[in-house]
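Close look at the chain arrangement
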Amino acid sequence: MVTDIKGTTHPVEAAAVLGLLPARPRLLALGEPTHGEDTLLDLRNELFRQLAEQEGYRTIAIESDCLRGLLVDDYVTSGTGTLDEVMEHGFSHGWGASAANRELVRWMRAHNDGRPRSERLRFAGFDGPLEIAAAASPRQALTALHDHLAARVDPDLLPCTARTLDRLLGADDRWTEPAAMRDPSRSAGRSAEAAELRLLADDLVELLDAQRPHLVAVTSPDDWERARLYGRTATGLLRYHRWMADASPARLARLVGVRDQMMARNLLALAARGPVFVHAHNSHLQRERSSMRMDGAPLEWWSAGALVDSRLGGEYAFVATALGTIRHRGVDAPPPDTLEGLLYAFPEERLVVDARRLAAVLGDTRPAPRVSPWFGYAPFDPAHLADSDGIVFVRDVPGRQGVSGKHGGPPAGPGRSFRARPGDAS
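Quick caveat: nothing in here was measured; it's all calculated off a predicted structure. (Residues numbered from 1 in each chain as written. Predicted model: local features only at pLDDT ≥ 70, side-chain atom pairs only at ≥ 80, totals over all residues. Heavy atoms only, no water.)

The next thing to look at is the pattern of salt bridges. Scanning the entire structure with this criterion turns up 27 salt bridges. Of the charged contacts in the structure, one is a salt bridge between R109 and D113, with a shortest N-O distance of 3.8 Å. Residue classification places D113 among the exposed positions, given a relative accessible area of 55%. One salt bridge connects D172 with R139, and the closest N-O pair in it is separated by 2.8 Å. A residue pair is termed long-range when its members are at least 10 positions apart, and D172 in the loop between α8 (162-169) and α9 (192-210) and R139 in helix α7 (residues 139-150) qualify at 33 residues. Of the residues examined, D172 reaches a relative accessible area of 32% and is grouped as partly exposed. (Salt bridge = Lys/Arg side-chain N within 4 Å of Asp/Glu carboxyl O. Buried < 20%, exposed > 50% of the residue type's maximum accessible area, 1.4 Å probe, protein only. Helix = DSSP H or I, 4+ residues; strand = E, 2+ residues; numbered from the N terminus.)

Have a look at this one:
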């Protein structure tokens, strides 16, 4: 079998990845099956360097808070702040502790130094302001959007004053209450104030759109895009909080779905400004329906990748990452009848696999699904081999940890208890 599939493998290089595709995509997504392993982030960094230097990619987007990511972008493009400050405040989910993320930011700043703005690399977080225990208050996004409009349009057009927003928002700990993740009654998401804020947020976004000809003429492209980001984030967070307060059986499914909708809208906005390299968990980027178990219940939803693919079609490409071993997590050599087992038989430490060609070689015979003994690692689902444009296979992941082990599994969203299976999500 190794001889049969040898022709589907290539060295791990950006040119080899793009060579699997009919054309250069606007969004090139690289997934990972687990979080917190700098080996995978080092590989991501290497591919982004090649994409930037050889293929014209200018933006990298990662699974981190979209608002915090603005601090990182300011630093890499113009040197605002310090590297230490950016690593502490510019990332969510604990990603700022990663040595590989620090190296990415350092390299991007050095690459941009002295270059004209049109040639500078850009950084973006494309996740919502969501953490494991809670979702952020909508205050930052709502007030920033209101401030942007108040400084540029007739004040009579604004649906409310800044004081009204402040009164309705109340104390931020109403929104970030950790108990609300388990107990819907502890959430402020369906209060009278939250309902009014949703209407006001919608009015502010509509005003932003209605005043677009004026606003794009009197502000910079970056400020315009940030205002739109504030609008997407404010409405998305208020929707997320509404479903946190819901007691129906649909609650968890709606929460994970809203999160990926927020991701998808941010990715589509980034794609409008040029080719983007995206990195996140496989489950957020795959084309097929994502699934996982939360609190013992099965959940299914459409991932950000599936949503984006339905809009961009051939301009979206997804390359999954599959792993052989993560021995420090109890994930030993894969069984030989699994997809990972077939690839583990090769001596190379890293491979790029033409997924669709491999599917054709295998025909109706599909490898057995692998089952992980560790909840934080989701093996590749062989049933969806032809739905990926490629697979990056990493034979062994050593034990060096760039991020605290608590981030090895799903980084954000409702509380969960699950055993990883093919298709289980982050």
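Turning next to the packing of α7 against α9. For the pair α7 and α9, interaxial distance at closest approach is 10 Å and the crossing angle is 40°. In this view, α7 runs oblique relative to α9, as classed from their interaxial angle. The element α7 and its partner α9 pack so that their crossing is left-handed. Residue-level contacts link L142, L145, H146, H148 and L149 of α7 to L197, A201, L204, V205, L207 and L208 of α9. When the residues that make up the contact of α7 with α9 are grouped by side-chain class, the tally is nine nonpolar, two polar and no charged. (Axes fitted to C-alpha atoms, helices over the stretch in contact; angles between N-to-C directions. Parallel < 35°, antiparallel > 145°, perpendicular 65-115°, else oblique. Left-handed = near helix turned anticlockwise from the far one by under 90°. Contact = heavy atoms within 4.5 Å. Nonpolar A, V, L, I, M, F, W, Y, C, P; charged D, E, K, R; others polar.)

At a closest axis distance of 8 Å, the pairing of helix α12 (residues 251-271) and helix α14 (residues 304-312) adopts a crossing angle of 40°. On the basis of their axis angle, the class for α12 and α14 is oblique. As for the relative orientation of α12 and α14, their crossing is right-handed in sense. Of α14, the residues touching α12 (which contributes D260, Q261, M263, A264, L267, L268 and A271) are A304, L307, V308, R311 and L312. Among the residues forming the contact of α12 with α14, the class breakdown is nine nonpolar, one polar and two charged.

Going through the model one piece at a time under the given rule, you end up with four aromatic pairs. Centroid distance F48 to F277: 6.2 Å. Interplanar angle 5°. Geometry classified as stacked. In this pair, F48 sits in helix α3 (residues 38-54) while F277 sits in strand β5 (residues 276-281), placing the two residues 229 residues apart along the sequence. For the pair F48 and F277, one class covers both residues: buried. Look at F91 and F123: their rings are 5.6 Å apart centre to centre, the planes differ by 70°, and that puts the pair in the edge-to-face class. (Phe/Tyr/Trp six-rings, centres within 6.5 Å; stacked < 30°, edge-to-face > 60°.)

Bringing the sheet that holds strand β1 (residues 9-10) into the picture now. Across the sheet, which stays open at both edges, the eight strands sit in the order β1-β9-β10-β8-β2-β5-β3-β4 with mixed pairing between neighbours. Two strands in the sheet have a free side with no partner beyond their single neighbour: β1 and β4 (122-127). Pairing between strand β2 (residues 27-32) and strand β8 (residues 316-325): four bridges, direction parallel. Residue A29 lies in a different strand from β8, and its bridge partner there is F318. Against the sheet, α3 touches β2, β3 (59-65), β5, β8, β9 (350-353) and β10 (390-396), its axis set at about 170° to β5. (Pairing = 2+ DSSP bridges.)

As a further point, take α12. Given a rise of 1.5 Å per residue, 21 residues ought to cover 30 Å, and the 30 Å separating the end C-alpha atoms of α12 matches this to within 8%. Counting buried positions over the 21 residues of α12 gives 16, a clear majority of the element. (Expected span 1.5 Å × (residues − 1).)

Take empty space enclosed by the protein next. Enumeration over the complete set of coordinates arrives at six cavities of 30 Å³ or more. Space inside the largest cavity adds up to approximately 270 Å³. Surrounding the largest cavity, 18 residues form its lining, L70, A124, L229, L270 and R273 being those nearest its centre. (1 Å grid on protein atoms, 1.4 Å probe; cavity = no way out; pocket = protein on both sides within 12 Å on 5 of 7 lines; lining within 4 Å. Points joined across faces, edges and corners; volume = space filled by probe spheres on them.)

Relative to the helices and strands, S64 is located in strand β3. A relative accessible area of 1% places S64 in the buried class. Polar side-chain contacts of S64 include one of 3.0 Å to the backbone nitrogen of S92. For S64, the residues in contact, after removing those within four places along its chain, are G90, F91, S92, W95, G125, F126 and D127. (Polar contact = N/O pair within 3.5 Å; in protein donor to acceptor, adjacent residues only side chain to side chain.)

Time to look at the layout of surface pockets. By volume, the largest pocket amounts to about 740 Å³. Residue lining of the largest pocket: 32 residues in total, with W224, E225, R228, R232 and A269 positioned closest to the centre. Taken together, the residues that form the lining of the largest pocket break down as ten nonpolar, six polar and 16 charged. The volume enclosed by the second largest pocket comes to roughly 240 Å³. Along the wall of the second largest pocket there are 17 residues; nearest its centre are D65, P129, A136, S137 and Q140. By residue number, the principal contributor to the lining of the second largest pocket is α7, which donates three residues. Class assignment for the residues of the lining of the second largest pocket results in eight nonpolar, four polar and five charged.

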